[in-house]
Every structure is written in structure tokens, then in C-alpha cells.
Amino acid sequence: MAKVLICDDESALRSVLKRYAIFEGHEVFEAGDGMEAVEMCQKIQFDLIIMDIMMPDLDGFSAVRRIKEFGDVPVLMLSAKGEEYDKLRGFELGIDDYVVKPFSSKEVMMRVNAILRRAAKSAVQEEKDDHEIFIKDGFEADMTAYRVFIDGRQVNLAPKEYDLLFFLIRNKNIAVAREKLLDEVWGYDYYGDARTLDTHIKLLRHSLGSYAGLITTIRGVGYRFEG
């Protein structure tokens, strides 16, 4: 059972998502605004937060920034906005996924469960003694400890950037189809805005700096990591 916090100023929406989450076997908590969510996160260790963006008192972006200062809880962000800027801002803050309203509660739960499965898998992997490490020139990726170094300097990536990068590394020199990446990295049969993957690739390349060229675009197919 996972502890899930649903933060949205619309009580009706919280009620619907809560019903679905409880049906999936999760323990659910509610917050009506960002400030309340921050205060609850200071008292309770949640396994996942469903966070709306547009809220009174403290918006979702600000709330996530505050929460990330003292905890590394996975976040699924909800928004009525679909602009790439808002998605980039969310992913740069370290959110795990993004859903644009209107959406189906079933889709939200699919994403919630996918995030929880990835988090559980990462926790198990970190307990292993042997580290899976990839090194090429001044680029180093410790895929067990979730650490990336560029020319000896550690680079902090968003959660999904780590997952995407490590999957590409494990399939290095292979052209990986976009659909395969979405299915494996996001953890479900993705449907919706196909630009989600491209947005993450853009962020990842920016984070890799001079080593951005390690990720090659295969037009009409997907991406390849040059290992």
C-alpha cells in the first residue's frame, strides 16, 4: 500500500481521484492548496504526490520546489495548460510525469502505478553492492547509485531523465523506437501528447552539455545512444 497525497483546489476532482486510488489499494490523503500540501509533507512521508498547478495561496510549481527541499517524493503534476514551457518547468523541478486536463481517472492511475513501480525498482537496485557503471571519455553514469558525472563534475538530472538515459545506455548502439522508449521508461502504453518524449530528450541533452551528442536522433524511428 502506497501513501498518496492528492493536492487540488477542486474538491470534486480530489474525490474522484481518491476513489480510484483507494480502489487500487493506496492510502489517500488530500490537500486543497499548495501550502497545505507542503505542511502535510513535513509531517508525513508520502510515496507519491498528485499535484495541480493552478491553486490559491501557493501554486503547484512553488509547492513542489518547497517539498523537494526536504524530500525526494515522486510527483505527478496536473494542469489545464498544455504548453511545452509549463512541462519543461515541471520536469526541471524534478516531477516524474505530467497530465493535461481534461483526463480520465483511469489514465492517471496508470501513471501513478507506473511511477510507484519505478520507484520500488530503483530502491531495490540501490541495495545491491555491485554498481552498474558506464564510462566513455569524460562521461560517467553510475546506474545503480543514480549518479551522472561529466568531466568529474556530478550533474543532477530529473527522475525521468535518469530513467531515459539509463535505458538508452543499456541499449547502446541500438536504434530504440519512440514507442519502445515510452512503454519502457514511462511504464505504460502511452497515449496522448507524443511530444513528451521529445521534451525529455531536449532536457537530457541540455543536462549532458558537451556530451549531448551521445544521444542521436534516428529520424522516423527514435533515438540511439552512441556507446
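Note that the structure is a prediction, hence the values are computed from the model and not measured. Positions within a chain are numbered from 1, following the residues in the order the chain's sequence is written. Note on the predicted model: pLDDT of at least 70 is required for a residue's local features to be given, and 80 or more for side-chain atom pairs to be given and counted; whole-chain, interface and lining totals, by contrast, use all residues. Hydrogen atoms and water are omitted, and side-chain values are computed over all heavy atoms in the structure.

(A) Representation of the sheet that holds strand β11 (residues 215–218). Two strands make a pair as long as DSSP finds a minimum of two bridges between them. In DSSP terms, a helix is any run of H or I states spanning at least four residues, a strand is any run of E spanning at least two, and both are numbered starting from the N terminus. Reading across from one edge, β10-β12-β11 is the order of the 3 strands in this open sheet, with antiparallel pairing throughout. The open sheet terminates on both sides in strands that have one partner only, identified here as β10 (176–177) and β11. In this sheet, strand β12 (residues 222–225) lies alongside β10 in antiparallel orientation, the contact comprising 2 bridges. When the sheet's bridge partners are listed, A177 is paired in β12 with G222. Any two residues whose heavy atoms approach within 4.5 Å are treated as being in contact. Axis lines are fitted to C-alpha atoms, over the contacting stretch for helices. Their N-to-C directions set the angle, which ranges from 0 to 180 degrees. Where helix α6 (residues 159–170) meets the sheet, its contacts fall on β10, β11 and β12, and the angle it forms with β12 comes to roughly 70 degrees.

(B) Inspection of the packing of helix α4 (residues 84–93) against helix α8 (residues 195–208) at higher detail. Where α4 contacts α8, the two axes come as close as 11 Å, and the packing angle between them is 55 degrees. Considering the angle they form, α4 stands oblique to α8. For the pair α4 and α8, the crossing hand works out as right-handed. Of the residues in α8, those touching α4 at E84, K87, L88, F91 and E92 are T196, T199, H200, K202 and L203. Amino acids are sorted into nonpolar (Ala, Val, Leu, Ile, Met, Phe, Trp, Tyr, Cys and Pro), charged (Asp, Glu, Lys and Arg) and polar (every other residue, Gly among them). Grouping the amino acids of the contact of α4 with α8 by side-chain chemistry returns 3 nonpolar, 3 polar and 4 charged. Any angle from 65 to 115 degrees is called roughly perpendicular, while one under 35 is roughly parallel, one over 145 is roughly antiparallel, and all others are oblique. Less than a right angle of anticlockwise turn of the near helix away from the far helix marks a crossing as left-handed, whereas a clockwise turn marks it as right-handed.

(C) Structural detail: helix α1 (residues 11–23). The first and last C-alpha atoms of α1 sit 18 Å apart over 13 residues, in line with the 18 Å expected at 1.5 Å per residue. Every buried residue of α1 is listed here: L13, R14, L17 and A21. Seen from one end, α1 has its buried residues packed into an arc of 95 degrees, which puts them on one side. Relative to its buried face, α1 has exposed residues pointing more than 90 degrees away, namely A12, R19 and F23. After α1 finishes, the residue G25 shows a positive phi value of roughly 95 degrees. Each helix should span, by expectation, one fewer than its residue count multiplied by 1.5 Å. When accessible area is computed with a 1.4 Å probe and restricted to protein chains, residues below 20% of their type maximum are described as buried, those above 50% as exposed, and intermediate ones as partly exposed. Think of the arc as the fan of directions from the helix axis to the C-beta atoms.

(D) Representation of the sheet that holds strand β8 (residues 147–150). Pairing is antiparallel across the open sheet formed by 4 strands, whose spatial order is β6-β7-β8-β9. What marks the edges here is a single partner per strand, and that holds for β6 (133–136) and β9 (153–155). For this sheet, the mean angle separating the axes of adjacent strands, direction not counted, is 20 degrees. Judged from the 4 bridges that link them, strand β7 (residues 139–142) and β8 form a sheet pairing that is antiparallel. In the sheet register, F139 faces β8, and the bridge partner there is I150.

(E) Quick peek at the pattern of salt bridges. Should a side-chain nitrogen of Lys or Arg be within 4 Å of a carboxyl oxygen of Asp or Glu, the pair is scored as a salt bridge. Overall, the coordinates contain 12 salt bridges when judged by the stated rule. Here K18 makes a salt bridge to E30, at a shortest N to O gap of 3.3 Å. Of this pair, K18 sits in helix α1 while E30 sits in strand β2 (residues 27–31), and the two are 12 residues apart along the sequence. Judged by relative accessible area, E30 falls into the partly exposed class, the value being 28%.

(F) Spotlight on the domain arrangement of the protein chain. Residue ranges for the domains originate in an automatic or database domain assignment. With domains assigned, the protein chain is organised as domain 1 (3–123) and domain 2 (133–225). Here the C-alpha centroids of domain 1 and domain 2 sit 24 Å apart. If you look at the interface, domain 1 gives 18 residues, while domain 2 gives 18 residues. Looking at the side of domain 1 facing domain 2, the largest losses of area belong to E84, F91 and R118, adding up to 31% of the total buried there. Linking domain 1 to domain 2 there are 0 salt bridges. Polar contact criterion, stated in full: a pair of N or O atoms within 3.5 Å, where within protein one must be able to donate a hydrogen and the other to accept it, and residues adjacent in sequence count only if both atoms are side-chain atoms. For the pair domain 1 and domain 2, the interface holds 1 residue pair in polar contact (both at pLDDT 80 or more). If you list the elements that add at least two residues to the side of domain 1 that touches domain 2, you get α4 and α5 (105–126). A per-element tally of the side of domain 1 that touches domain 2 places α5 first, with 7 residues. For the side of domain 1 that touches domain 2, the residue count by class is 5 nonpolar, 4 polar and 9 charged. For any pair of parts, buried area is found by adding up, for both, the accessible area (1.4 Å probe) each one loses once the two are put together.

(G) Main features of the nonpolar core. Joining through side-chain atoms within 4.5 Å is the link that ties buried Ala, Val, Leu, Ile, Met, Phe, Trp, Tyr and Cys residues into a set, and such a set is a nonpolar core. In this structure, F139, L165, F166, L168, I169, L181 and F225 are the most contacted members of the largest nonpolar core, which totals 30 residues. Secondary-structure elements contributing two or more residues to this core are β7, β8, α6, α7 (178–186), α8 and β12. The dominant element in this core, judged by the number of residues it contributes, is α6, at 7 residues. Ignoring sequence-local partners within four residues, the contact set of F139 consists of F134, V148, F149, I150, L165, I169, L208, Y211, L214 and F225. If you look at the next biggest cluster of nonpolar residues, it comprises 26 residues, including M40, M55, L58 and M77.

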